[in-house]
Each structure stands twice: as C-alpha cells, then as structure tokens.
Amino acid sequence: MTTYTPTLDHRLLERLRGAVRGEIVEPGDPDYDEARRVYNAMHDKRPAIVVRAVDAGDVIATVDFARDQGLTLAVRGGSHSVTGYGTCDGGVVLDLVRMRGIRVDPDARRAWAEGGCTWADVNHATHAFGLATTGGIVSTTGVGGLTTGGGMGYLARRCGLSCDNLVSADLVTADGHFVTCTEDDHTDLMWAVRGGGGNYGVVTSFAYRLHPVADILGGPTFYPLDGDVIRRYRELIAEGDENLGALLVVGLGPPVPFLPERWHGRPLCGVVACWTGSPDADDRIRDRLAALGPVVGRHVERMPYPVINTLFDDLVPAGLYHYWKGAFTQGLPDGAVDAFVEYGATTPSIQSVTAVFPIDGACHRVGPEDTAFTYRDADFSIALSPTLTTREDCEAQKDWVRAFHRALEPHSMEGGYVNFMDADDQNRVGVNYRGNHARLTALKRRYDPGNLFRLNHNIAP
Ligand code: FAD
C-alpha cells in the first residue's frame, strides 16, 4: 500500500507557527499518527497539518491559513463524527482538544464550555453544583458536533435538545471574524448553529442553560427481544412523563455482571432509564420498567447524573469501525417494531446497539422554524449502526444496516438526524432540514460563500 504524504509551503507554515500558541503536528512528527487519528477507525486520513489550538486566536489564525491557501479544513471537537468529518487528506485539521475549559455560574444556571469539551467535561463541572444540561449518552462525545447538530440525550424530554439549551456561542466565521451570537445579537447565526452543524464557523465557546439535576435513578432493564415489550415501551413513553428519559436499545446481550451468562451475545431489547423526578417514585419507576416484559437482567440504581452518561463508554471505545444510519418516527408504528425484532435478531456484534431516543416533551415545545433543527414533530430519533472491530467486518455489515433502514423507511419521516447519518447520506441534507433548508442556504451564501466549512452535512452555498 502506498501512503500519501502531503507537503506544504514551508514559508507559510512558519508564518502560521508564529501566529499560534498551540502545537502544529506534521507528517514525520512522533505524534503525527496519534494526532491524525479519529474515533471511527473507518477514516484513516493523512492531513498536511494538525493544529491543536489553545484559544480563539489560534482558531482565527488556522481558519485564515486554510482559507488563504485554499486547503481543505476539517474542524474537530470530540472526534466522534461517524462520517470522519474531523479529519481529511492533505488539508488542515483544526483540533480543539486543548480547548476544554469550563466555567459554571450556579446562580445564573449557566455553563460556558470551550469548543473542544466532551460531555464528560461538562457533566463533571456542572454536577458539582447539582446542575446539568442535555448532552449525549456517551461521555467521550464532543459538545461541538453534538450541540451544533441538535443534541439528544436522557434529559431531552424534560430540558429539550442541547441546541435548545444553547444561549450563546462564540463563533469564528469563514472570513476569520469572531462573533458572539445570542438570542439578541447575530440572531441569524445563533439560529443556524442550533442544528445547522459546523456549516457556519468554529464555535470556540458554548454557553448552556442548566437545570437542577443531581442524582438520578438510572440504568438498563433487559428483556428477550420481543415486539410486545417494544409496544409496552411505546405506551410508557406515550404517558408523557418528561422526568423519565428512557432509551430503547435493541441488540445483543452485553457481558455485564447483572445479566446471566446465557444471555450474553443473544438478541435482547432493553430500556436504559434516567429518572430525574422525585426519589419517592423510584420503586414505582422500577416496577413500571419491570412490567414491560420478562426481565432477564437489570441494574437500575441511584447514581450521580454524570455516571448514567458513562454506561456505554467501555462498550464503544475509540478505534472501532462504524457505519451509521438515522431515522425519525412519529410514535413507534407497528411496522417499525417489526423491523426492530427482525433486524435486531441478526445484530452483527455486541457493540452494534440500535438506540431509540424519545424526543417529545420539551423538544416539541420549540417550533420547527425556531432553530435550524426542524423535526419538532418527531417523537423518536433512531440510530442504527454496525460497529465492529475490523474494517472488513464493518464493510460486510453495511448491507445489514441498509436493509434495516429500508425496512424502517415506510414507517419513518422523510429526513433523519444529521448526527446519526453517514457520509453517503449527503443527498438527504435537504430533507433533513426540510422547510429550513432554504434559509440555511441563504445564510451559508452570506457567511461562507466559498464553502470553507464543508466537511459536515453540507449546506451548499
Ligand atoms: P467531531 O468529529 O469532532 O465533529 C463532528 C462535526 O462537528 C464536524 O463536522 C465538525 O466540524 C463539527 N464540530 C465539532 N466541534 C465543533 C465546534 N466547536 N464548532 C463548530 N463545529 C464543530 N448524538 C446525540 O445527539 N446524542 C447521543 O447520545 C450521541 N451519542 C453518540 C455516541 C457515539 C459513540 C458516537 C460515535 C456518536 C454519538 N452521537 C450522539 C452523534 C454525535 O452527535 C456526532 O457524532 C457528533 O458529530 C459528535 O461531535 P464531536 O464534536 O465529538 O465530533
């Protein structure tokens, strides 16, 4: 195999070196391989440089450099993009991994998180004050890509999407300008970063609204894979208790101590709960979950809110091979339940968890045109993925997930969540943004006419 080693004009590179305080990593440097690596091992790219920025000044210098040299620019937050948008061949990677500072104002219930923070960083900092905001269910996911794409997690029903809790964003635009957008200032950009992905610039700092959430009752309850269990889960969600974040998961039994060995590797469904209501209701919630079907294993306990967001961390470490598909549904139609049962039974690995996020409640109280994220009439957001330990195995399972997605299609809405899509879903960008696509395109023309920020679910200018 020949490897492509990019080269850059050294004079210009020296100028960039003088302008940034962070590190610049090039091919040949001892940590080049580590610096170019992203979470999804499917993307083995060789950028010309990786700039590990430490502040907004570094971000501006790097954006200017990439734009002026006509180089491809990949912006990396937590590196979890399944499409591998946090890296590129021959271009510039702007890595925000060194920008992970957080400030919490407990009285104002606000947190300011730098653009490279992970949800583990944010949850840890806010939990100290008994506060939290909606974030992802794996703690190593970045706030950057997750928030700008929408942001779903256990608190979504009660507190809305992550982007709904974004109250301001410091943004470096394609022309290298720094703007602070809020609901009163630069409102068009504020609207666009709430769901429009990385299309409009690099967010160097996110300010979030926080909610009183300290310890919760949470964890998984597992049942044999059965349509009746899923239909009872559907009824549970339809009851509309927004304090109950409850993900449906479909896949193979994980080797965890509270699940008897005979269920390891066998098709199961489960509900991963996060109850933020009164502890007085803990027994009622446990019983309600147990009533969904014959329980084969469970671990539903009181825990600090940050802990529930680490439950999947060990199952899906960096370095696995992923290929994803996403869908939205209104309710969970019987046809979708049938697809979960049929394709769940042939799930290719323990890591290939099909996750169904309820996004009703507070997510529905935001209008479809209030933020770039428009699917406010969707009740569930579904993530499908073969996740495997080798590229060959993942390639071989792409047909499984495509067939699964096709089986869901007649029961789904037209678009899906951009953050659960793969790169070959670029042709769905228009329907993913539905009625907001035209406005997003007009804003892209205004703020990034050259499409510098194109490694994303791209709104073409
Ligand atoms: P990166 O690869 O760093 O970036 C992804 C995209 O976001 C790129 O286009 C990049 O340019 C842009 N971006 C990143 N940071 C910034 C920034 N600071 N400013 C502007 N643009 C930026 N999604 C959910 O909603 N809920 C979940 O619970 C959830 N769980 C997940 C679990 C796993 C294991 C994985 C792999 C993904 C999960 N996702 C979830 C999907 C996730 O939202 C997307 O993969 C998201 O893009 C990850 O963001 P990141 O910053 O880690 O990724």
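Fair warning: this is a prediction, and the values are worked out from it, not measured in the lab.

1. Some points on the site of the ligand
Moving on, step 1. Taken together, the neighbourhood of the ligand is formed by 33 residues, with Gly77, Ser79, Ile137, Met152 and Tyr417 sitting nearest.
Moving on, step 2. A distance of 3.0 Å separates an oxygen atom of the ligand from a polar backbone atom of Leu455.
Moving on, step 3. Relative to its unbound accessible area of 950 Å², the ligand is 96% covered by the protein chains.
Moving on, step 4. Secondary structure elements with two or more residues in the shell around the ligand: β3 (73–76), α5 (143–149) and β10 (202–209).

2. A few points about the domain arrangement of the chain
Moving on, step 1. Annotation of the chain at the domain level lists domain 1 (12–95), domain 2 (102–212 + 434–447) and domain 3 (215–422).
Moving on, step 2. Here the C-alpha centroids of domain 1 and domain 3 sit 34 Å apart.
Moving on, step 3. Each partner contributes to the interface: domain 1 provides seven residues, whereas domain 3 provides 15 residues.
Moving on, step 4. Around 910 Å² of area is buried between domain 1 and domain 3 when both sides are counted, 59% of it from carbon and sulfur atoms.
Moving on, step 5. On the domain 1 side of the contact with domain 3, Tyr39, Met42 and Val82 bury the most area, a combined 68% of that side's loss.
Moving on, step 6. The interface formed by domain 1 and domain 3 includes zero salt bridges.
Moving on, step 7. For the side of domain 1 that touches domain 3, the class distribution of residues is four nonpolar, two polar and one charged.

3. Observations concerning the pairing of strand β12 (residues 215–224)
One face of the sheet, then the other: side chains in a regular strand alternate in exactly this way.
Moving on, step 1. Taking burial as the measure, the 10 residues of β12 include eight buried ones, the bulk of the element.
Moving on, step 2. Note: β12 against strand β16 (residues 301–304), four bridges, orientation antiparallel. In the strand pairing of β16, Ile216 is matched with Met303.
Moving on, step 3. Of the strand pairs in this sheet, β12 and strand β14 (residues 267–275) are connected by eight bridges, and their pairing is antiparallel. The partner of Gly219 across the bridge, within β14, is Ala273.
Moving on, step 4. The pairing of β12 with strand β15 (residues 297–298) spans two bridges and is classified as antiparallel. Each bridged residue has a counterpart across the sheet, and for Thr221 the counterpart in β15 is Arg298.

4. Focus on empty space enclosed by the protein
Moving on, step 1. Throughout the structure, instances matching the rule amount to two cavities of 30 Å³ or more.
Moving on, step 2. In this model, the second largest cavity occupies a volume close to 50 Å³.
Moving on, step 3. Forming the boundary of the second largest cavity are Gly149, Gly195, Phe328, Phe373, Thr374, Tyr375, Gly416, Tyr417, Val418, Asn432 and Tyr433.
Moving on, step 4. Counted by class, the lining of the second largest cavity contains six nonpolar, five polar and no charged residues.

5. With respect to the pattern of salt bridges
Moving on, step 1. If you walk through the whole model with that rule in mind, you get 31 salt bridges.
Moving on, step 2. Measuring nitrogen to oxygen at the nearest pair gives 3.1 Å for the salt bridge that ties Asp68 to Arg67.
Moving on, step 3. For Asp68, a relative accessible area of 54% gives the class exposed.
Moving on, step 4. Of the residues examined, Arg67 reaches a relative accessible area of 30% and is grouped as partly exposed.
Moving on, step 5. Put simply, Arg286 and Glu301 hold a salt bridge, and the shortest N to O gap is 3.9 Å. Of the two residues, Arg286 sits in helix α9 (residues 282–290) while Glu301 sits in strand β16, which places them 15 residues apart along the sequence.

6. Quick notes on the packing of helix α8 (residues 227–238) against helix α11 (residues 334–344)
In a packed pair of helices, the relevant descriptors are the angle between the two axes and the axis-to-axis distance.
Moving on, step 1. α11 packs onto α8 with a crossing angle of 135 degrees between their chain directions and a minimal axis gap of 9 Å. Here α8 lies oblique to α11, going by the angle between them. The way α8 lies across α11 gives a crossing that is right-handed. Side by side, α8 and α11 meet where Gly227, Ile230, Arg231 and Arg234 of the first sit next to Asp334, Val337, Asp338, Phe340 and Val341 of the second.
Moving on, step 2. In terms of residue class, the contact of α8 with α11 is made up of four nonpolar, one polar and four charged.

7. Re the packing of aromatic side chains
Aromatic rings considered in pairs are described by the distance between their centres and by the relative angle of their planes.
Moving on, step 1. Here the structure, examined in full by the defined rule, presents 13 aromatic pairs.
Moving on, step 2. Look at Phe373 and Tyr417: their rings are 6.3 Å apart centre to centre, the planes differ by 70 degrees, and that puts the pair in the edge-to-face class. Of this pair, Phe373 sits in the loop between β19 (354–358) and β20 (380–384) while Tyr417 is found in the loop between α13 (398–408) and α14 (429–433), placing the two residues 44 residues apart along the sequence. Tyr417 matches Phe373 in its accessibility class, with the two residues each being buried.
Moving on, step 3. The structure contains a cluster of three or more aromatic residues connected by ring pairs, namely Trp324, Phe328, Phe357, Phe373, Tyr375, Tyr417 and Phe420.

The rules behind these values
Residues numbered from 1 in each chain as written. Predicted model: local features only at pLDDT ≥ 70, side-chain atom pairs only at ≥ 80, totals over all residues. Heavy atoms only, no water. Near = heavy atom within 4 Å. Polar contact = N/O pair within 3.5 Å; in protein donor to acceptor, adjacent residues only side chain to side chain. Areas by Shrake-Rupley, 256 points an atom, 1.4 Å probe, with all protein chains shown as cover. Helix = DSSP H or I, 4+ residues; strand = E, 2+ residues; numbered from the N terminus. Domains from an automatic or database assignment. Contact = heavy atoms within 4.5 Å. Buried area = accessible area lost by both parts, 1.4 Å probe. Salt bridge = Lys/Arg side-chain N within 4 Å of Asp/Glu carboxyl O. Nonpolar A, V, L, I, M, F, W, Y, C, P; charged D, E, K, R; others polar. Buried < 20%, exposed > 50% of the residue type's maximum accessible area, 1.4 Å probe, protein only. Pairing = 2+ DSSP bridges. 1 Å grid on protein atoms, 1.4 Å probe; cavity = no way out; pocket = protein on both sides within 12 Å on 5 of 7 lines; lining within 4 Å. Points joined across faces, edges and corners; volume = space filled by probe spheres on them. Axes fitted to C-alpha atoms, helices over the stretch in contact; angles between N-to-C directions. Parallel < 35°, antiparallel > 145°, perpendicular 65-115°, else oblique. Left-handed = near helix turned anticlockwise from the far one by under 90°. Phe/Tyr/Trp six-rings, centres within 6.5 Å; stacked < 30°, edge-to-face > 60°.

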